Amino acid sequence: MKTETVADNLKLLQKGSGKLYLLCIVVGTLTGVTVSLYRLALNYINHFRELMIKNSLIEGTHTIFIIWLSFILIGLLVDYISKKYPKISGSGIPQVKGILLRKLDYTKWFQELIAKFITGLMGIGAGLSLGREGPSVQLGSYIGFGITKIFKRDSIEKKYLITSGSSAGLAGAFGAPLSGVIFALEELHKYISAKLLICTFLASIASDFVGRRIFGMNPSFNLIASYPKNINPYYQFALYIILGIIIAFFGKLFTTTLIKVQDHFKELKLSRWLKISFVMSTSLLLCYLLPEVTGGGHELVEGMAGGTRTIKLLIIIFLIKLFFTALSYATGFAGGIFLPMLVLGAIIGKIYGLTLMKYLGIGIEYVPHFMVLGMAGYFVAVVRAPITGAVLILEMTGNFDHLLALVTVSVIAYYVTDLLGLEPIYEILFKRMPKDTPMIEEKNEKKTVISIPIMAESELDGKKISEIKWAEDVLVVAITRNDHEIIPKGNTEIESGDVLTLLLPENKVYNMKEMLYKQGGN
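Residues numbered from 1 in each chain as written. Predicted model: local features only at pLDDT ≥ 70, side-chain atom pairs only at ≥ 80, totals over all residues. Heavy atoms only, no water.

Q: Tell me what's going on with the overall build of the protein, and back it up with residues and numbers.
A: Within the protein, the regular secondary structure consists of 19 helices and four strands. Taken along its principal axes, the extent of the C-alpha atoms in the protein is 75 × 55 × 45 Å. The burial tally for the protein puts 58% of its 522 residues in the buried class. Taking the intrachain contacts of the protein between residues at least 6 apart in sequence as the baseline, contacts between residues at least 24 apart amount to 82%. Carbon and sulfur atoms provide 63% of the accessible area of the protein, an area that totals close to 22,800 Å². Here the protein contributes 52 positive and 41 negative side-chain charges, whose respective centroids are spaced 5 Å apart. (Helix = DSSP H or I, 4+ residues; strand = E, 2+ residues; numbered from the N terminus. Buried < 20%, exposed > 50% of the residue type's maximum accessible area, 1.4 Å probe, protein only. Contact = heavy atoms within 4.5 Å. Areas by Shrake-Rupley, 256 points an atom, 1.4 Å probe, with all protein chains shown as cover. Lys, Arg positive; Asp, Glu negative; His and termini not counted. Charge placed at Lys NZ, Arg CZ, Asp CG, Glu CD.)

If you want it as structure tokens, here you go:
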């Protein structure tokens, strides 16, 4: 294998971006097709499950017994495939973070893509409380990775293509292109560069264009949520602050429950097939007794907007949905927690709105408004991505009247969870993910380049290159400032807003990158 030299890596920096942008459009289009097929198949399977459950009540116990055996067999088959391809387990977003940090590699990307697609359909189709968005993000990352391999792109462009695919996956899952971009920047990379922004926008727009040709132009949630314009704005603001505080504590409950159930499920001294059989039996039982809590929960949100459920019933639905989501995720089956999170947030918002209606005389027509706020706040409390949360709910509901209220609840929820010391859920899941397939081997001597953004008042801001104690194998090869590239010298001063291009050994990237980001950040 040829070892890359410093000159080779500098050439990568000087390449034009035209081909990269074109490939991002290709990745977005292919992701849009794949995710749209995934959504269509899920809709069909969910409808088929509901019809099958309904008919079995008429046909009797013999049919119910056959369905029960079918659910268990589906669970065991999904478990077998997940063991064969361990990187397809769970939502897939922690795996994407691992790929971008070079801690993981998609060694069998096409087989894993097919496996993720099929197991996601089978698990969610069997009623498990999992969402389509996590698998959609990972499906997009597989496509980005595959395009990198097919067109033999370098390690620099690989990062952009995988990120673009992930962004396009979320955009296609919810018909929310801007959310796909913001999620990639805020959650996956945590910084903005012009090239990354363009790549994710191109891919997300291409994916959304494909999705809208199939699903139409309507927003993901069909909600009629009126903004309470006739309520005193100061009074409104106080109500939003209270809701944000409440949501934050319930966000901590979600994270704690998800992790605790995952731990207990793993530590339970029973055969794996018995544990899977129990989960699938629980799913079937809920399909009969409380079908609202099965699947992602999209229909539950739309049904609650105009429903007549009591507060007591909503509390029961919330608790069962919470624990069933945690139990479903503990299996490691392909499926996300985005949509179940939004459903739980909508339930809290509904309870809050009904409480205000009962005790403070708030009109019933404003209850859906608080459901919308609950979804955004709950997402922010768990994922800790406030911009993504607000933009996602705006795009999914198609009503920008809620912008100020959404931002208020999101900021309060974010601040309170920060005081509670709650880590972002995907950071927790990433740290708990097995790192048994490192991308870089110890003996690999290849060099690579990474970009580090410089924030105001960070450790590196205002310092000269020569004043910084760089690690032995790190070399500053370029500084991008106001879209202009500077060749640095020892007395070159680093400024906030700069993007440093560093050359370092590929086998040390994942150990040093986080440290370098902390030096460049606040």
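Here the narrative resumes.
Q: Please give an account of unusual backbone geometry that cites residues and values.
A: Backbone phi values are negative for most residues with the exception of glycine, while trans is the configuration of most peptide bonds. One non-glycine residue with positive phi stands out, namely K152, at about 55°. Considering the arrangement of structural elements, one finds K152 in the loop between helix 6 (133-150) and helix 7 (155-174). One non-glycine residue, R384, adopts positive backbone phi at about 65°. By secondary structure assignment, the location of R384 is in the loop between helix 15 (367-383) and helix 16 (386-397). For R384, a relative accessible area of 11% corresponds to the buried category.

Q: Just give me the short version of the pairing of strand 1 (residues 447-453), but keep the residues and values in it.
A: Judged by how many residues are buried, strand 1 sits mostly within the fold: six of seven residues are covered. Strand direction decides the pairing type here: strand 1 and strand 4 (residues 499-505), joined by seven bridges, are antiparallel. Each bridged residue has a counterpart across the sheet, and for V449 the counterpart in strand 4 is L503. (Pairing = 2+ DSSP bridges.)

Q: Account for the nonpolar core, with residues named and values stated.
A: Counting 132 residues, the largest nonpolar core has F338 and M341 as the members making the most contacts within it. In contact with F338, other than residues within four places in its own chain, are I93, E133, L170, F174, F183, F379, L392 and Y426. By size, the runner-up hydrophobic cluster in this structure holds 16 residues, among which are I454, L460, V476 and L502. (Core = buried A, V, L, I, M, F, W, Y, C linked by side-chain atoms within 4.5 Å.)

Q: Give me the environment of W68: which residues, what numbers.
A: Tracing the chain through its elements places W68 in helix 3 (residues 61-84). With a relative accessible area of 34%, W68 lands in the partly exposed category. In sequence terms W68 and P291 are 223 residues apart; their C-alpha atoms lie 15 Å from each other. When near neighbours in sequence (up to four residues on either side) are disregarded, W68 contacts S281 and L284.

Q: An account of the state of the cysteines is requested, with residue identities and associated values reported.
A: Within the structure shown, the criterion is met by zero disulfides. Looking at the unpaired C199, the closest cysteine sulfur is the one in C24, lying at 3.4 Å. What makes C199 buried here is its relative accessible area of 0%. (Disulfide = S-S within 2.5 Å.)

Q: Can you break down the pattern of salt bridges residue by residue, with the values?
A: By the definition in use, this model includes 12 salt bridges. Among the ionic pairs, D498 bridges to R481, the shortest N-O distance being 2.7 Å. Of this pair, D498 sits in the loop between strand 3 (484-486) and strand 4 while R481 sits in strand 2 (residues 475-481); the two residues are 17 residues apart in sequence, bridging distant segments of the chain. Judged by relative accessible area, which is 1%, D498 ranks as buried. (Salt bridge = Lys/Arg side-chain N within 4 Å of Asp/Glu carboxyl O.)

Q: Now, about a nonpolar patch on the surface: what can you tell me, with residues and values included?
A: Side chains of L22, I25, V26 and L30 sit close together on the surface and give an oily, nonpolar patch of about 310 Å² of accessible area. As for its placement among the helices and strands, V26 is situated in helix 2 (residues 18-59). You can call V26 partly exposed: its relative accessible area is 31%. (Patch = residues over 30% accessible without salt bridge, like charges linked within 9 Å, V, L, I, M, F, W, Y side chains within 5 Å.)

Q: So what about the sheet that holds strand 3? Which residues, and what values?
A: The strand order across the open sheet formed by four strands is 1-4-2-3, and the pairing between neighbours is antiparallel. What marks the edges here is a single partner per strand, and that holds for strand 1 and strand 3. Shown here is a sheet whose adjacent strand axes are inclined to one another by a mean of 25°, direction ignored. Relative to strand 3, strand 2 is paired through three bridges, and the arrangement is antiparallel. Bridge pairing in strand 3 links T480 to E485. (Axes fitted to C-alpha atoms, helices over the stretch in contact; angles between N-to-C directions.)

Q: An account of the environment of L419 is needed here, citing residue identities and associated values.
A: Here L419 shows up in helix 17 (residues 403-419). Along the primary structure L419 and A248 are separated by 171 residues, whereas in three dimensions their C-alpha atoms are 9.9 Å apart.

Q: Tell me what's going on with the packing of aromatic side chains, and back it up with residues and numbers.
A: A complete count under the given rule lists 13 aromatic pairs for this structure. With a centroid separation of 6.2 Å and an interplanar angle of 35°, the aromatic rings of F338 and Y426 are classed as tilted. Of this pair, F338 sits in helix 14 (residues 338-360) while Y426 is found in helix 18 (residues 425-432), placing the two residues 88 residues apart along the sequence. We classify F338 as buried; its relative accessible area is 0%. (Phe/Tyr/Trp six-rings, centres within 6.5 Å; stacked < 30°, edge-to-face > 60°.)

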